[in-house]
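One letter stands for each residue in the lines below.
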Amino acid sequence: MILVDGRQAGLTAYRDRGEQRVFFPTEIDVAHAGQGLAGQLIRQALTDVRALGKRVVPVCPYVAKFLTRTTTSQTSPAP
């Protein structure tokens, strides 16, 4: 979840499945669209994934696109 002025502005849903973290659609409130919040949210979520040693399964199209732009060996999608 990401907050703006103490209020929820968006979220990304995920579920852990063994060594994988499956990301479902990321949502940003329309009032905050275009402010880069989705990128901040996913960047932090991927930092968490790296810290846990998990692999990303990007069901969310935004997460998949983000990974193609910023892939590292530690955050690459699971095969």
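Placed above this text is the structure.
Residues numbered from 1 in each chain as written. Predicted model: local features only at pLDDT ≥ 70, side-chain atom pairs only at ≥ 80, totals over all residues. Heavy atoms only, no water.

Colleague: How should I be thinking about the nonpolar core in this particular structure?
Modeller: For soluble globular proteins, nonpolar side chains are generally found buried alongside one another. Counting residues in hydrophobic clusters, the biggest one holds 10 residues: Phe23, Ile42, Ala45, Leu46, Val49, Val56, Cys60, Val63, Phe66 and Leu67. Of all elements in the fold, only helix H1 (37-52) and helix H2 (61-70) reach the threshold of two or more residues within this core. Of the residues forming this core, the biggest block, four residues, is contributed by H1. With sequence-adjacent residues up to four places away left out, Ile42 is seen in contact with Thr12, Thr26, Tyr62, Val63 and Phe66. (Core = buried A, V, L, I, M, F, W, Y, C linked by side-chain atoms within 4.5 Å. Buried < 20%, exposed > 50% of the residue type's maximum accessible area, 1.4 Å probe, protein only. Helix = DSSP H or I, 4+ residues; strand = E, 2+ residues; numbered from the N terminus. Contact = heavy atoms within 4.5 Å.)

Colleague: Is there a simple way to think about the packing of H1 against H2 in this case?
Modeller: Any two packed helices are characterised by how steeply their axes cross, that is the angle between the axes, and by the distance between the axes. Remark: H1 packs on H2, axes separated minimally by 11 Å, with the N-to-C direction vectors making an angle of 75 degrees. Classified by the angle between their axes, H1 and H2 sit roughly perpendicular to one another. For the pair H1 and H2, the contacting residues are Ala38, Gly39, Ile42, Arg43 and Leu46 in the first and Tyr62, Val63, Phe66 and Leu67 in the second. A breakdown of the residues in the contact of H1 with H2 according to their chemical character gives seven nonpolar, one polar and one charged. (Axes fitted to C-alpha atoms, helices over the stretch in contact; angles between N-to-C directions. Parallel < 35°, antiparallel > 145°, perpendicular 65-115°, else oblique. Nonpolar A, V, L, I, M, F, W, Y, C, P; charged D, E, K, R; others polar.)

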